[in-house]
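Here is what each chain is made of, one letter per residue.
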Amino acid sequence: MKNTVYFFLAFLFITNGLLAQDKPTYWDNIKERESTLGISEGFSEFKTREFTLKLVNASQTVAGLYPNSNPDFDFTPGERIDIRDKDSIYYIGDLNFRIKTEQGDWQSFSTATERKQVEKLSVSGNQLAAADLTNTLPDSNPLKIIRFYEEKDGDLVLRFQITNPTQNSVEIGALGTPMAFNNILEGKTLDQTHADNVFFDPYIGQDAGYLEVKHLTGEGEVLLVLPEENMPFEAYRPLLDDPSRRSIVFEGVHEWMALSKAYAENEWKDVPQWNQASSVVLDPGQTINFALKFVLAPSIRGIQNTLLQESRPVAVGVPGYVLPNDVEAQLFLKHHSEISNMQVFPTGALNVSGPEKNESGFFKYTISGKKWGRARLLITYQDGLTQSINYKVIKPESEVVSDFGHFLLTEQWFDEPDSIFGRTNSVISYDYELKRQVKQDSRAWIAGLSDEGGAGSWLGAMMKQFIQPEKSEIEKLQKFIDETLWGGIQYQEGDKKYGVRKSIFYYEPEQMPEGTYSDSINYKTWAAWNKKGADDPGRSYNYPHVAAAYWTMYRLSRYHEKLVETHDWKWFLENAYHTAMAMTELAPWYAEFGQMEGTVFLYILQDLKNEGMLDMASALESEMKKRADHWKSLNYPFGSEMPWDSTGQEEVFMWSDYFGYDQKAEVTLNAILAYMPTMPHWAYNGNARRYWDFLYGGKLSRIERQIHHYGSGLNAIPVLKKYRETPDDFYLLKVGYGGLLGAISNITQDGFGPAAFHSFPSTLEIDYLSGDYGSGFFGYAVNSATYIVENDDFGWLAFGGNIEDQANAIEVSITTAAKNKVFLQPESLWIELAAGKIASFRYLKDSGKVSVELEPKDIYTPYAYVKVSEGWEMDFPKERGYYKIPLKEKPLEMEITRE
């Protein structure tokens, strides 16, 4: 998506660190500002049971937070303090708030806006350091604020004591403290970022909320920030007034907000928030404390147990918090205090029944979605703590996918004459706000049917057919392949044959008829490629989209009848192969990186082998092994055209796993888990970190944590693959399934697939451009499956189905859109269909017998093709590794037995 010069700079950035001439430019906007933090006054250090705390003497803000188990590692950006020592740059220990009296308006205050030396106070008992913050605030502030750093039962506590010394009541309508951890990747190689940096994810869950701060490696201890006193996690606000430059190497600083009413009434007005906004009225002479606690969990998988040890409420949702309304979900809650009340917002959005207490001390509730859209469950415990759990209720998966396909191939189907650019008969980008197709954009690829942001829509339409084929839709897509893709997006002859153009829309006003380009669009940007730039086949990331289209058509042609009629199956598979090979030949440099959807190359290889096309299979495997060998040579092979990326890891894991490079596969998986959390909130559960692609594929363009951008669906592929290899690791299933359902969570009621959902509390809405969503839907389409699990803490569970636990039998009705894959965890049995659908599944506990009920045949699917794990078999002949089963007019029950 970026120009060639930027690609080259990014490469140097990745391999050698930031270029010398770039280092000053990144900080140019602040480097000449006066140093006001007072670092010349020195620092002080304090030890607690788990941490060494380093404070700036003058400001008493946090200059370092080091775990005693790893004293050289700093969770904070203390290494940047020499350049970040300016007014308005936030640190842990700062405080932002808004107040008003009965007659006044909201007034905003921050201890970071104008740095002045704080008044140090004497300490006693468990207090480590204390300061009166009056000097750091304007004279108009009427409140007295004292900040304490304390050790409480061995834990580090940050406490703000706020007193109202006036004769009038003061309402505190906003109160937050910055969570400034070391997520600044600027100037570092991938090895350095994985050694030095962290990512952090919020569970915005009121008193049960927390922030988890993890090493980029995904290994080692996890820092948890927890509410200690009057500090519910009510909102998570980006601190956009911090002058540090937000970019692809710095997501920015956010603050933990305990009170947010003043923002809800102003900047966030009419935007439904994750939690009900609140305020506190401080009477004359009254004092109130707000405190957070910092603790360490031994590992990412140890977060839940640490929360329980810290007496925090814990929730586990199955299948997660994206809730198809035909699914009976389970919610397991555990806290030392009983539940006194539950409320659902909006009223009637969820149905909650239960509870049943199990042997592990969890209370089990059954949750079903009743109203499409966001829903919140507010739980109040008898000890006064509250916990909010945010759900997203969607239609049944089959309806979501059907609506998506219909929208793509009606509202987004472009069949106008287009002799200049050749886009007739294609699925083009769409603006949902304006309810119209995007035929022009200053970013050439958006209207040019290539790159992720332009190919996303037609890729989504193709992958929809993979799991839910529709003859009338496939007929349109065949036109797209023959008239727009082959010979248009993709070269069909010459020395660039099978190469993929960066865009087929371009900006060449001097060579075009007057009126070709809109006067309302600013084409004076690098992104408005001319024809030469658009024709360039050198961007490897464009090739998997095309390969996936051919591979899908191969599958439809090979395993169904009369669905695809323009070419035979072999033509599609060969084109998929040649596209994969062309990537390594025509885009060799970028092909060294993992590709989004790169898993498709593995599927193509497997099908070439199944078809006996061994020469092609050998050549493709050889090229892929060269790439995997390169990744094996790197400590962290996660580069791309960006300094750090979260999408190539999908393919890196899959090929490393395939070639037996287990150590590299493990490194890759751990890095994925570092930014893909599981927590009781649909927006963050399984949400792979991505924060710059709104610039390139969105309508509202800004650096912002994206909610279920395509990384969620793609990174769920390796996470669930690893779960099937290690079926006792329940954590992987929770994370992977969160990403899987997250991939379809943003599709609208009428079927529009947006680029992602905006996380800023001023928006909390989908982006209105279709953009690069298709890559995420690829992840959902190839990875959709039902998982049937027996868990020590929660009993028998189904992810992707409704389970009935009988005396000696487990029965599951399948609720996925594809209905083509089932994993039975106790037996490590993986069932996969290339054609046909599974209606239900039955497992006898005592005997271990397994049976599936297949849906009746239709005119396009007379046979089911079923593959089962090694060690299991079916009593039917095999073709290409699948059992070929004649379907009937009625459902057909089939046994799967051990060999």
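Residues numbered from 1 in each chain as written. Predicted model: local features only at pLDDT ≥ 70, side-chain atom pairs only at ≥ 80, totals over all residues. Heavy atoms only, no water.

### Quick notes on the overall build of the chain
Helix and strand content of the chain: 21 helices and 44 strands. In terms of overall dimensions, the chain is globule-like: its C-alpha atoms have a radius of gyration of 28 Å, near the 29 Å expected for 899 residues. If one aligns the C-alpha atoms of the chain with their principal axes, the spans along those axes are about 85 × 75 × 50 Å. Considering the chain as a whole, with its 899 residues, one finds that 66% of them fall into the buried category. Here the contacts in the chain between residues at least 6 apart in sequence split such that 67% fall between residues at least 24 apart. Total accessible area on the chain stands at roughly 31,200 Å², and carbon and sulfur atoms take up 45% of it. (Helix = DSSP H or I, 4+ residues; strand = E, 2+ residues; numbered from the N terminus. Rg over C-alpha atoms; globule rule 2.2 N^0.38 Å. Buried < 20%, exposed > 50% of the residue type's maximum accessible area, 1.4 Å probe, protein only. Contact = heavy atoms within 4.5 Å. Areas by Shrake-Rupley, 256 points an atom, 1.4 Å probe, with all protein chains shown as cover.)

### Overview of the environment of Phe-199
Mapping Phe-199 onto the fold places it in strand E11 (residues 198-203). Residue Phe-199 is classed as buried on the basis of its relative accessible area of 2%. Residues Phe-199 and Gly-218 lie 19 residues apart in sequence; the distance between their C-alpha atoms is 9.5 Å. Apart from the residues lying within four places of it in its own chain, the contact partners of Phe-199 are Glu-212, Val-213, Lys-214, Leu-216, Trp-644, Ala-674, Tyr-675 and Arg-689.

### Re the packing of helix H12 (residues 543-559) against helix H14 (residues 599-610)
At a closest axis distance of 9 Å, the pairing of H12 and H14 adopts a crossing angle of 40°. Viewed along their axes, H12 and H14 form a crossing whose handedness is left-handed. Residues Pro-544, Ala-547, Ala-548, Trp-551, Tyr-554 and Arg-555 of H12 form the contact with H14, whose own contacting residues are Val-600, Phe-601, Tyr-603, Ile-604 and Asp-607. Across the contact of H12 with H14, the residue classes tally to nine nonpolar, no polar and two charged. (Axes fitted to C-alpha atoms, helices over the stretch in contact; angles between N-to-C directions. Left-handed = near helix turned anticlockwise from the far one by under 90°. Nonpolar A, V, L, I, M, F, W, Y, C, P; charged D, E, K, R; others polar.)

### Looking at the nonpolar core
Counting residues in each nonpolar core, the largest one holds 271 residues, and the members touching the most others are Phe-181, Trp-458 and Tyr-787. Per element, the largest residue contribution to this core is 11 residues, and it comes from H12. In this structure Phe-181 touches Phe-75, Thr-76, Pro-77, Ile-92, Val-198, Phe-200, Leu-211, Val-213, Leu-223, Val-225 and Phe-294, once residues within four positions along its chain are discounted. (Core = buried A, V, L, I, M, F, W, Y, C linked by side-chain atoms within 4.5 Å.)

### Looking at the side chain of Arg-705
Position of Arg-705 among the secondary structure elements: in the loop between helix H18 (694-697) and strand E30 (706-707). By relative accessible area, which is 3% here, Arg-705 ends up buried. Only 2.8 Å separates the side chain of Arg-705 from the side chain of Asp-201, close enough to count as a polar contact. At 3.1 Å, the side chain of Arg-705 forms a polar contact with the backbone oxygen of Asn-687. Leaving out residues up to four positions away in the same chain, Arg-705 has contacts with Phe-200, Asp-201, Glu-251, Tyr-675, Tyr-684, Asn-687, Ala-688, Arg-689, Arg-690, Tyr-691, Phe-757 and Ser-759. (Polar contact = N/O pair within 3.5 Å; in protein donor to acceptor, adjacent residues only side chain to side chain.)

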